[in-house]
Amino acid sequence: MTQPALAPRSPLAGVVAVWAVALVGAVAIGILVGEEWRIPWMLVAFGGAVLLSFAVQLWYGRTEGFIFRVAGSVIGALLLMGVISVGFGLAALATASASA
């Protein structure tokens, strides 16, 4: 028989942590990587966010809601990285049209 946790960790903290890592990674890639390599590196960073999501939720140690927490982490990271990549894409278009 297992004993219940006295003060379980908040499951939302793990989800938000993955979102924060995805946000920082997307901004760093957008700033540091050239335009032609930006999308491949975004895909690599998203794969890292998926793996991080699984690792964080497994570390949490509770089976209830595992799929929902992982899905929330991954979908949130996908949306954040998508919005940031659209922003960098529009910025690249604006600079290209201004120089033409």
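Only a predicted model underlies this, so the values are computations on that prediction, with no experimental measurement involved. (Residues numbered from 1 in each chain as written. Predicted model: local features only at pLDDT ≥ 70, side-chain atom pairs only at ≥ 80, totals over all residues. Heavy atoms only, no water.)

Topic: the packing of helix H1 (residues 11-32) against helix H3 (residues 66-99)
Definition in use: Helix axes are fitted only over the stretch in contact, all axes being lines through C-alpha atoms; the angle between N-to-C directions runs from 0 to 180 degrees. Going along the chain from the N terminus, every DSSP run of H or I of four or more residues is numbered as a helix, and every run of E of two or more is numbered as a strand. Roughly parallel means an angle under 35 degrees; roughly antiparallel means over 145; roughly perpendicular covers 65 to 115; every other angle is labelled oblique. By convention, the crossing between two helices is left-handed when the near helix turns anticlockwise from the far helix through less than a right angle, and right-handed when the turn is clockwise. The criterion used for residue contact is that any of the two residues' heavy atoms lie within 4.5 Å. Put simply, Ala, Val, Leu, Ile, Met, Phe, Trp, Tyr, Cys and Pro go in the nonpolar bin, Asp, Glu, Lys and Arg in the charged bin, and everything else, Gly too, in the polar bin.
Put simply, H1 and H3 touch, their axes get as near as 9 Å, and they point 25 degrees apart. Of the possible angle classes, the one that applies to H1 and H3 is roughly parallel. The chirality of how H1 crosses H3 is right-handed. Listed contacts from H3 to Pro-11, Gly-14, Val-15, Val-18, Trp-19, Ala-22, Leu-23, Ala-26, Val-27, Gly-30 and Ile-31 of H1 are Arg-69, Gly-72, Ser-73, Gly-76, Ala-77, Leu-80, Met-81, Ile-84 and Phe-88. Of the residues that constitute the contact of H1 with H3, the class distribution is 14 nonpolar, five polar and one charged.

Focus on the packing of aromatic side chains
To describe a pair of aromatic rings, one takes the distance between the centres and the angle between the planes. The condition is simple: Pairing of aromatic rings covers Phe, Tyr and Trp, the last counted by its six-membered ring, and requires centre-to-centre distances within 6.5 Å; plane angles under 30 degrees mean stacked, over 60 mean edge-to-face, and any other angle means tilted. Partly exposed describes any residue whose relative accessible area lies between the buried limit of under 20% and the exposed limit of over 50%, with all areas from a 1.4 Å probe on protein chains only and scaled to the type maximum.
Here the structure, examined in full by the defined rule, presents one aromatic pair. Residues Phe-54 and Phe-66 carry aromatic rings whose centres are separated by 6.2 Å and whose planes lie at 45 degrees to one another, so their mutual orientation is tilted. Here the residue Phe-54 occupies a position in helix H2 (residues 38-60), and Phe-66 occupies one in helix H3, the gap between them amounting to twelve residues. We classify Phe-54 as partly exposed; its relative accessible area is 37%. Phe-66 gets classed as buried once you look at its relative accessible area, which sits at 19%.

Notes on the side chain of Arg-69
Operational definition: Charged residues are defined here as Lys and Arg on the positive side and Asp and Glu on the negative side; His and the ends of the chain fall outside this count. Salt bridges are defined as contacts in which a side-chain nitrogen from Lys or Arg sits within 4 Å of a carboxyl oxygen from Asp or Glu.
Tracing the sequence through the fold places Arg-69 in helix H3. Within the buried core, Arg-69 has no salt-bridge partner, and the shortest N-O distance to an opposite charge, that of Glu-64, equals 6.2 Å. In this view, Arg-69 contacts Pro-11, Val-15, Gln-57, Tyr-60, Arg-62 and Glu-64; residues no more than four positions away in its chain are not counted.

Notes on the confidence of the model for the protein chain
It should be kept in mind that the predicted coordinates are not to be read in detail where pLDDT is low. Rule in force here: A residue's pLDDT is the confidence the predictor assigns to it, expressed on a 0 to 100 scale.
For the protein chain, per-residue confidence averages 90 on the pLDDT scale, and residues scoring 70 or more make up 91% of the total. Mean pLDDT in the protein chain bottoms out at H3, which sits at 93, and peaks at H2, which reaches 95.

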